[in-house]
Amino acid sequence: MFISTSSKLQNTRASLNQQIIKQMRMRAGAENLLKASSNNKVKEMVLLELSYVNSNLQLLMGELEGLNSSVEVYQNTQETANIPLIALGLKETKEVDYSTLFKDFILEHYSEDGKDYEDEIADLMDLRQACRTPSRNEAGVELLAKYFSHLPLVESRFFSPSRQTGIFFTWYDSFTGVPVCQQNLSLEKASILFNMAALYSQIATRSDRQTVAGLEEAISSFQIAAGTLNHLKETFTHTPSYDMSPAMLSMLIRMMLAQAQECLFEKIALPGIRNQFSSLMKMAQEASRVNEIYDQVHQSMIQTPIKDNVPLFWSTMTQVKANHYRSMAHFFVASALLDHQLGPSDDEDQQEKTLSQVYDRLPEGRSPLDILKNKDERTRIGKAHIRRAILGHEEALRIYGLCHHLNKLEALQDILKASHQRSLNKSSENENEEEFTDYTEAPDIISKTEHKAEMEVPATTKVKVTDFFQRLGPLSVFSAKQRWTAPRTIRLRPEDRDLGFTLKGETPVQVVSLDPLSPAAADGLKEGDYIVTVGNTDCKWLGVTEVMRLLKDVDEEGIDIQVVSVMDSNPPMPTKSATFCGNLPKTYSMICLAYNDDDKNPKSRKVTKKSSFISWGLKNKLKSASTLSLPTADHSGTLPWNKPCPTFPSSSSYNNDSALY
């Protein structure tokens with residue numbers, strides 16, 4: 001159910017992206033016509049059409065925001081007792097055809113028949129196509145990681161730093177639907193990383209948070225998602241898509257860590273919260289930590305230009321959670337002060353130390369020991385905390401009611417109402433009609449946690465893979481950045497069993513110590529040549545021993561070998577790009593145009609001799625880089641208060657006389 005519903009949502013996102021780019025093209029055409037025309041009647045018609053197109057764009061953007069607000073799709077199907085979590089949607093992309101351009105490049109650059117590599121190219125294209133619709137589990141993450149690990153190998157084989165390949169990679173912004181297109185692989189790599197983080201967030205949100213194993217899966221997945229986004233932020237610093245800009249990624253990292261911290265809080269509370277002074281104070285500080293980090297996320301979401309791109313649902317949800325967990329913290333402190341008077345058997349020093357660590361400041365003239373020993377003072381401060389809890393819950397419910405997307409989440413409303421009612425009950429239990437109204441303000445609660453959510457380095461970005469195109473030869477030599485001659489055929493005829501040269505190096509072997517008077521030299525062999533074939537045997541992956549074994553039994557008729565020579569090349573020109581913007585505010589380019597050096601004066605170019613192709617004093621090995629119980633929305637009535645689980649009151653009951661909350 002989860003996979004099918006999520007796939008349907010992703011298909012809807014792809015359709016919306018296509019409609020958005022169509023409307024943007026129409027708008028760009030209308031604006032160009034408006035600039036070019038001097039006819040007032042034409043201008044009026046164009047302005048009318050432009051207003052229509054802009055209206056359609058706003059509607060499509062609203063639909064896309066609705067998709068990003070559909071968090072219920074990503075929740076666990078049995079989840080009704082926990083506050084919903086936010087998952088990232090996958091970025092959409094267009095199909096890419098590697099076939100023709102790669103086969104042409106193989107023929108032109110590697111002097112081999114591109115048709116011989118059709119299977120390898122098809123495997124690469126199939127892998128990319130599968131990455132467009134990955135399964136929402138570990139297998140889907142591994143699939144993306146496998147493709148991500150292949151990209152550096154493909155880049156080294158086919159993407160020269162001095163020329164464009166003609167292959168365009170198009171990805172859509174996950175928040176605005178605006179397409180971004182580039183001819184290099186940076187956008188492709190960054191988008192795959194983003195989708196890996198999105199998959200981890202979806203795995204986290206569908207975890208069963210009523211079990212320890214499910215909560216641990218959610219915590220780990222959110223932390224890995226944060227680590228993946230941080231890796232993306234540090235590695236690809238100039239990605240021309242706003243959803244992967246440094247500011248947006250920083251906000252998303254905070255949100256992933258906030259949700260991981262929320263799950264850590266739920267894990268602590270899952271067995272039940274002991275109705276004891278120290279336990280309640282500890283949970284108060286844990287709840288305050290969740291409130292603090294959600295407040296930071298909300299503050300980053302309302303900053304320009306982030307607030308113009310993230311769904312209103314997200315910022316509203318973080319604001320609701322910040323108020324909810326702040327109120328919970330005040331409720332726990334109120335319960336500790338009102339329900340647990342200092343008795344003869346209690347550790348006075350320990351309670352004083354605990355209380356002093358909870359507050360950053362105390363009401364003027366009061367000390368922690370004064371509050372603990374004075375029953376009236378303890379009650380007064382406790383009531384102040386319960387008042388702040390009630391006000392916070394009311395604010396959370398008010399904000400909840402302002403967002404129509406939140407109104408769809410009935411479980412969230414039930415939890416907010418249950419928490420509010422519980423605070424009201426606690427206030428009623430401690431009311432005294434004879435007392436005057438007290439306006440003492442409860443101090444803020446210092447946040448503290450024993451289990452801080454932290455980013456995890458994603459190991460999946462370092463998956464080892466086998467190069468699809470390894471038949472082209474060792475990547476350290478046969479890559480797109482190197483230039484060499486077409487293979488030359490040399491006839492070897494030994495004289496007194498001497499071929500007239502020696503071999504050196506790893507793979508492929510290189511000709512050294514060439515006798516200039518030898519028949520091989522006369523036939524065109526040069527010092528520094530690489531031997532690629534001996535007879536009918538491909539030698540690009542053979543070492544000195546294997547090649548010498550093929551050459552040692554050469555008879556008088558000799559044997560043909562093929563060699564290539566390294567060519568000097570001009571220093572690579574930096575790839576420049578122009579950007580085309582679809583006139584959508586605060587977005588990046590739709591397309592990057594290749595730098596054209598045909599207009600430059602060739603006489604002005606400086607030619608520098610390239611350094612030695614390879615140092616044979618060192619080994620060059622090919623490396624494969626791929627490298628109180630929490631409020632619930634339970635309606636079944638099967639989770640009574642006197643059981644240790646769930647960890648906060650259900651919406652159907654509010655009173656508890658048990659020693660466990």
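Here's what I pulled together on the structure shown here. Keep in mind it's a predicted model, so treat the numbers as computed, not measured. (Residues numbered from 1 in each chain as written. Predicted model: local features only at pLDDT ≥ 70, side-chain atom pairs only at ≥ 80, totals over all residues. Heavy atoms only, no water.)

Now for the overall build of the chain. The secondary structure content of the chain amounts to 16 helices and ten strands. The burial tally for the chain puts 51% of its 661 residues in the buried class. Only carbon and sulfur atoms are counted for the fraction: they give 49% of the accessible area of the chain, which is about 31100 Å². (Helix = DSSP H or I, 4+ residues; strand = E, 2+ residues; numbered from the N terminus. Buried < 20%, exposed > 50% of the residue type's maximum accessible area, 1.4 Å probe, protein only. Areas by Shrake-Rupley, 256 points an atom, 1.4 Å probe, with all protein chains shown as cover.)

Below, the discussion takes up the environment of P494. Inspection of the secondary structure assignment puts P494 in the loop between β3 (488–492) and β4 (502–504). For P494, a relative accessible area of 25% gives the class partly exposed. Separated by 64 residues in sequence, P494 and G558 have C-alpha atoms that sit 6.9 Å apart.

With that out of the way, let us pick up the pattern of salt bridges. Evaluated as defined, the whole model comprises 21 salt bridges. Across the salt bridge formed by K103 and E118, the nearest N and O atoms sit 3.2 Å from each other. Of the two residues, K103 sits in helix α3 (residues 99–110) while E118 sits in helix α4 (residues 118–131), which places them 15 residues apart along the sequence. Put simply, R388 and D444 hold a salt bridge, and the shortest N to O gap is 2.8 Å. Here R388 is found in helix α13 (residues 375–402), whereas its partner D444 is found in the loop between α14 (410–429) and β3, with 56 residues between them in sequence. (Salt bridge = Lys/Arg side-chain N within 4 Å of Asp/Glu carboxyl O.)

Okay, α4 next. Taking 1.5 Å per residue, 14 residues should reach 20 Å; α4 reaches 20 Å between its end C-alpha atoms and fits that length. Among all positions of α4, only E120, I121, L124, L127, R128 and C131 are buried. For α4, the angular spread of the buried residues around the axis is 125°, confining them to a single face. In α4, the exposed positions angled more than 90 degrees off the buried face are occupied by D119 and D126. (Expected span 1.5 Å × (residues − 1). Arc of directions from axis to C-beta.)

Another point: unusual backbone geometry. In this model, T304 is joined to P305 through a cis peptide bond whose omega is 5°. Relative to the assigned elements, P305 resides in the loop between α9 (277–301) and α10 (312–339). The residue after T507, namely P508, is reached through a cis peptide bond having omega -5°. Its place among the elements puts P508 in the loop between β4 and β5 (510–512). Despite not being glycine, S111 shows a phi value in the positive range, around 55°. Relative to the assigned elements, S111 resides in the loop between α3 and α4.

Tallied over the entire structure, the rule returns 15 aromatic pairs. Arranged with centres 6.4 Å apart and planes meeting at 80°, the rings of F102 and F159 form a pair that is edge-to-face. With F102 in helix α3 and F159 in the loop between α5 (138–158) and β1 (169–172), the pair connects residues that are 57 residues apart, well separated along the chain. The exposure classification of F102 matches that of F159, with both residues buried. Joined through ring pairs, the aromatic side chains of Y98, F102, F105, Y110, Y117, F158, F159, F169, F469, F478 and W484 make up one cluster. Of note, K91 hangs over the ring of F194, and the distance from its end group to the ring centre comes to 5.8 Å. (Phe/Tyr/Trp six-rings, centres within 6.5 Å; stacked < 30°, edge-to-face > 60°. Lys NZ or Arg CZ within 6 Å of the ring centre and 35° of its normal.)

Our next topic: the pairing of β1. Where burial is concerned, the two faces of β1 agree: the one with F169 and W171 and the one with T170 and Y172 are both buried. The pairing of β1 with strand β2 (residues 179–182) spans four bridges and is antiparallel. Opposite Y172, over in β2, you have P179 as the bridge partner. The antiparallel hairpin formed by β1 and β2 contains six residues in its connecting segment, where G177 sits at a positive phi of about 80°. (Pairing = 2+ DSSP bridges.)

Once that is clear, we can look at the nonpolar core. Among soluble globular proteins, nonpolar side chains are generally buried collectively. Ranked by internal contacts, the top residues of the largest apolar core, which has 128 residues, are F102 and L252. Per-element tally for this core: the top contributor is α10, with 15 residues. Counting residues domain by domain, this core receives three or more from each of domain 2 (277–448) and domain 3 (483–567). (Core = buried A, V, L, I, M, F, W, Y, C linked by side-chain atoms within 4.5 Å. Domains from an automatic or database assignment.)

Before going further, it helps to spend a moment on the packing of α5 against helix α6 (residues 186–205). Orientation of α5 relative to α6, taken along the N-to-C sense of each, is 165°, at an axis distance of 10 Å. For the element pair α5 / α6, the angle class is roughly antiparallel. Here the hand of the crossing between α5 and α6 comes out left-handed. Listed contacts from α6 to E138, G140, V141, L144, A145, Y147, F148, L151, P152 and E155 of α5 are E188, K189, I192, L193, N195, M196, L199, Y200 and I203. (Axes fitted to C-alpha atoms, helices over the stretch in contact; angles between N-to-C directions. Parallel < 35°, antiparallel > 145°, perpendicular 65-115°, else oblique. Left-handed = near helix turned anticlockwise from the far one by under 90°. Contact = heavy atoms within 4.5 Å.)

This part covers the packing of α10 against α13. Contact geometry for α10 and α13: axes closest at 8 Å, N-to-C directions at 160°. With respect to α13, the element α10 is oriented roughly antiparallel. Of the two elements, α10 crosses α13, and the hand of that crossing is left-handed.

Okay, the environment of Q470 next. With respect to the helices and strands, the residue Q470 is situated in the loop between α14 and β3. Among the residues examined, Q470 registers a relative accessible area of 38% and is labelled partly exposed. It is 9.8 Å that separates the C-alpha atoms of Q470 and K540, two residues lying 70 residues apart in sequence. Q470 has contacts with R157 and W541, leaving out every residue within four places of it along the chain.

This brings us to the side chain of T93. As for its placement among the helices and strands, T93 is situated in the loop between α2 (40–68) and α3. Only 2.9 Å separates the side chain of T93 from the side chain of R128, close enough to count as a polar contact. The contacts of T93, once residues within four sequence positions are left out, are R128, R132, T170, W171 and Y172. (Polar contact = N/O pair within 3.5 Å; in protein donor to acceptor, adjacent residues only side chain to side chain.)

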